[in-house]
Amino acid sequence: MSADYHDIPGTYVFDAQQSRLGYHLNMFCMSLRHAANRAAFQADEAKYLDRYPMTPEQRTAVLGRDWNGMLRLGGNIYYTSKLAAADGITFQDLAAKMTGMDRDDYRAMMVAGGRPIEGNRSKAEWKDG
Amino acid sequence: MARIVGGYATSHVPAIGVAMDKGLTDEPYWQPVFAGYEASRKWMAELNPDVAIVVYNDHATAFSLEIIPTFALGCAASYQPADEGWGARPVPVVEGHPDLAWHIAQSVILDEFDLTIVNSLEVDHGLTVPLSLAFGQPDAWPCPVIPLAVNVVQFPPPTGHRCLMLGRAIRKAVESYEQPLRVAVFGTGGMSHQLQAERAGLINREFDNRFLDLLIDDPDTAAAISHTEYLREAGSEGIELVMWLVMRGALDDQVTAVHRHYHVPASNTAVGHLVLENAAAAPAVAEVA
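As the structure is a prediction and not an experimental result, all values here were calculated from the model.

Rules used in this analysis
Residues numbered from 1 in each chain as written. Chains lettered and ligands numbered in written order. Predicted model: local features only at pLDDT ≥ 70, side-chain atom pairs only at ≥ 80, totals over all residues. Heavy atoms only, no water. Helix = DSSP H or I, 4+ residues; strand = E, 2+ residues; numbered from the N terminus. Buried < 20%, exposed > 50% of the residue type's maximum accessible area, 1.4 Å probe, protein only. Contact = heavy atoms within 4.5 Å. Areas by Shrake-Rupley, 256 points an atom, 1.4 Å probe, with all protein chains shown as cover. Lys, Arg positive; Asp, Glu negative; His and termini not counted. Charge placed at Lys NZ, Arg CZ, Asp CG, Glu CD. Rg over C-alpha atoms; globule rule 2.2 N^0.38 Å. Core = buried A, V, L, I, M, F, W, Y, C linked by side-chain atoms within 4.5 Å. Pairing = 2+ DSSP bridges. Axes fitted to C-alpha atoms, helices over the stretch in contact; angles between N-to-C directions. Salt bridge = Lys/Arg side-chain N within 4 Å of Asp/Glu carboxyl O. Phe/Tyr/Trp six-rings, centres within 6.5 Å; stacked < 30°, edge-to-face > 60°. Lys NZ or Arg CZ within 6 Å of the ring centre and 35° of its normal.

Asks: Would you mind showing me how to read the overall build of chain A here?
Replies: The helix and strand inventory of chain A stands at nine helices and zero strands. The order of helices and strands in chain A, counted from the N terminus, is α-α-α-α-α-α-α-α-α. The buried share of chain A, reckoned over its 129 residues, is 52%. Pairs at least 24 residues apart make up 49% of the contacts formed inside chain A by residues separated by at least 6 positions. Carbon together with sulfur atoms contributes 51% to the accessible area of chain A, which is approximately 6400 Å² in total. Side chains of chain A carry 16 positive and 16 negative charges; the gap between the two charge centres is 7 Å.

Asks: What am I meant to see in the overall build of chain B here?
Replies: Across its full length, chain B carries ten helices and eleven strands. Compactness check: chain B gives a C-alpha radius of gyration of 17 Å against a globular reference of 19 Å for 289 residues, within 12% of the reference. With respect to the three principal axes, the spread of C-alpha positions in chain B is 50 × 40 × 40 Å. Relative to its full complement of 289 residues, chain B shows a buried share of 65%. If you take every contact in chain B between residues at least 6 apart in sequence, the share linking residues at least 24 apart comes to 80%. Surface exposure of chain B reaches about 9900 Å², of which carbon and sulfur atoms provide 50%. In chain B, 16 side chains carry a positive charge and 35 a negative one; their mean positions are 5 Å apart.

Asks: Help me understand the nonpolar core, please; the structure alone is not making it clear to me.
Replies: One recurring pattern in soluble globular proteins is that nonpolar side chains are buried together. Residue and element names in this part refer to chain B. Ranked by size, the top nonpolar core spans 71 residues in total, and within it Ile104, Val108, Leu148, Ile170, Phe211, Tyr230 and Trp244 carry the most contacts. Once residues within four sequence positions are removed from consideration, Val108 is found in contact with Phe113, Leu115, Leu166, Ala169, Ile170 and Ala173. Core analysis: the second largest hydrophobic core is formed by 43 residues, Val13, Leu47, Leu131 and Ala184 among them.

Asks: Help me out: how do you make sense of the sheet that holds strand S9 (residues 182-188) of chain B in this one?
Replies: Pairing between the strands of a sheet comes from backbone hydrogen bonds, and it takes one of two forms, parallel or antiparallel. Residues and elements named next belong to chain B. The strand order S6-S3-S8-S2-S9-S1-S11-S10 describes an open sheet built from eight strands, whose pairing is mixed. Two strands in the sheet have a free side with no partner beyond their single neighbour: strand S6 (116-118) and strand S10 (255-266). Across this sheet, the average inter-strand angle for adjacent strands is 20°, counted without regard to direction. In terms of strand pairing, strand S1 (residues 3-10) meets strand S11 (residues 269-278) through four bridges, oriented antiparallel. By the bridge assignment, Tyr8 is partnered in S11 with Val275.

Asks: What's the story with the pairing of S9 of chain B in this structure? I'm lost.
Replies: When a strand is regular, its side chains alternate between the sheet's two faces. All names here are of chain B. With six of seven residues buried, S9 lies mostly within the body of the structure. In the sheet, strand S2 (residues 51-56) pairs with S9 via five bridges, with the strands oriented parallel. Counted as the bridge partner of Ile53 is Val185 from S9.

Asks: Whenever I open this one, the pattern of salt bridges confuses me. Can you help?
Replies: Oppositely charged side chains are able to pair whenever their charged atoms sit close together. Scanning all chains against the criterion turns up 14 salt bridges over all chains. Of the charged contacts, one joins Arg59 of chain A and Asp50 of chain A as a salt bridge, the two residues approaching to 2.8 Å between their closest N and O atoms. On the basis of relative accessible area, Arg59 of chain A is assigned to the partly exposed category, the value being 22%. Classification of Asp50 of chain A as exposed rests on a relative accessible area of 56%. Across the pair Arg171 of chain B and Asp253 of chain B runs a salt bridge, and its minimum N-O distance is 3.8 Å.

Asks: Looking at this structure, I do not really get the sheet that holds strand S5 (residues 94-95) of chain B. What am I missing?
Replies: Residues and elements named next belong to chain B. Judged by pairing direction, the sheet is mixed, and its three strands sit side by side in the order S5-S4-S7 without closing on themselves. Of all strands in the sheet, those bounded by a partner on one side alone are S5 and strand S7 (122-123). Of the strand pairs in this sheet, strand S4 (residues 78-81) and S5 are connected by two bridges, and their pairing is antiparallel. What sits directly across from Tyr79, in S5, is Val94.

Asks: Would you take a moment to explain the packing of aromatic side chains for this structure?
Replies: For any pair of aromatic rings, geometry is given as the distance between the ring centres together with the angle between the planes. Following the criterion strictly, the structure yields 15 aromatic pairs over all chains and no others. Measuring from ring centre to ring centre gives 4.9 Å for Tyr5 of chain A and Phe155 of chain B, while their planes differ by 70°; the resulting arrangement is edge-to-face. Of the two residues, Tyr5 of chain A is situated in the segment before helix H1 (16-31) and Phe155 of chain B in the loop between strand S8 (145-150) and helix H6 (160-175); the pairing between them involves two chains. Residue class for Tyr5 of chain A comes out buried when judged on its relative accessible area of 9%. One aromatic cluster is present, formed by Phe28, Phe41, Tyr48 and Tyr52 of chain A through successive ring pairs. For the cation-ring pair, Arg107 of chain A lies above Tyr29 of chain B, with the distance from its terminal atom to the ring centre recorded as 4.7 Å.

Asks: Would you mind showing me how to read the pairing of S4 of chain B here?
Replies: All names here are of chain B. Every second residue of S4 is oriented toward a common face, the buried set being Tyr79 and Pro81 and the non-buried set Ser78 and Gln80. In this sheet, S7 lies alongside S4 in parallel orientation, the contact comprising two bridges. Paired with Gln80 across the two strands is Glu122, which belongs to S7.

Right under this line is the structure:
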């Protein structure tokens, strides 16, 4: 299907293509909802990941906590946030990491009204900026 | 016969639940968020509905990528609050209303809305945070709840138009139920927010307030907002707002907004809140501030 959302900047729409790409990555993240799985993962991350047939790139992104890389490789934020939660990272701090901002700067941006829509609608606007 | 007596729309930000569970609601950061829910909590207490239908989305909790129902109606006797990865919220078990739920399922399926029927479901913050906002922190929720889970995680979610039509079918279903139950309908999620990638933190006050205006007076125009417009203007997670249209459809065409609240931020999200009554009906409760 054609899609008219690919020019939205800094955004991975979790569409069919991404979902197919990220199935095992996301199902790994989902497993961390259970405390016993979190413990097993934390005891030996690489061994735990062997349970999920991810691509080498996805494994590397998980082990390196490359949060945007996981999204690019088919991760969905509601799934990858479970990995962050297992690491003790709050949702807001995870968001800050993905934007490349310091956590205090990100928090201050939100308190001041958030990231404005002006200048953030299209990739063309980001190129110009 | 049963009837819809009120609509309650609110964001369901997980951090709001955490703030309530940890007793942080009077902190300067949170006070302006919760101040906007005081009048509507009184309204809800006076309304005292017999049943609440809560339209919400699951966030990779009960549903994973294994099974992705577009609309799933809870027909169970009860629903356990879920451990989403940081322990379950300390809130009461959610009691269901299987008889009305099954009645709605049958009615809307024969009305050509192909719902998934769910008899076992853990409920996450998407459902429990709105209950906390509406009812506070009781030992037991004051009424049974019928969860209606809408997929907004896997693109594409249902269209806004489909959600509005489903709400209208639910109204018809409720009005054909023989017991004289008074039913409240919750629409949850939103407002503008983006939780992912480099554009995280996006907020669009203008979009949000236009959406609130349209939801009250011109829901058909709100229902025509395209998926790409939500993604672009309200952020990738702002598309949750389609769920408010189910609530709106369950109300009459003409409604009165008895309460409205908007605040930025709660964590990464714009908080929006709207309480609606059917305009033709006698006021469901005395007017709130």
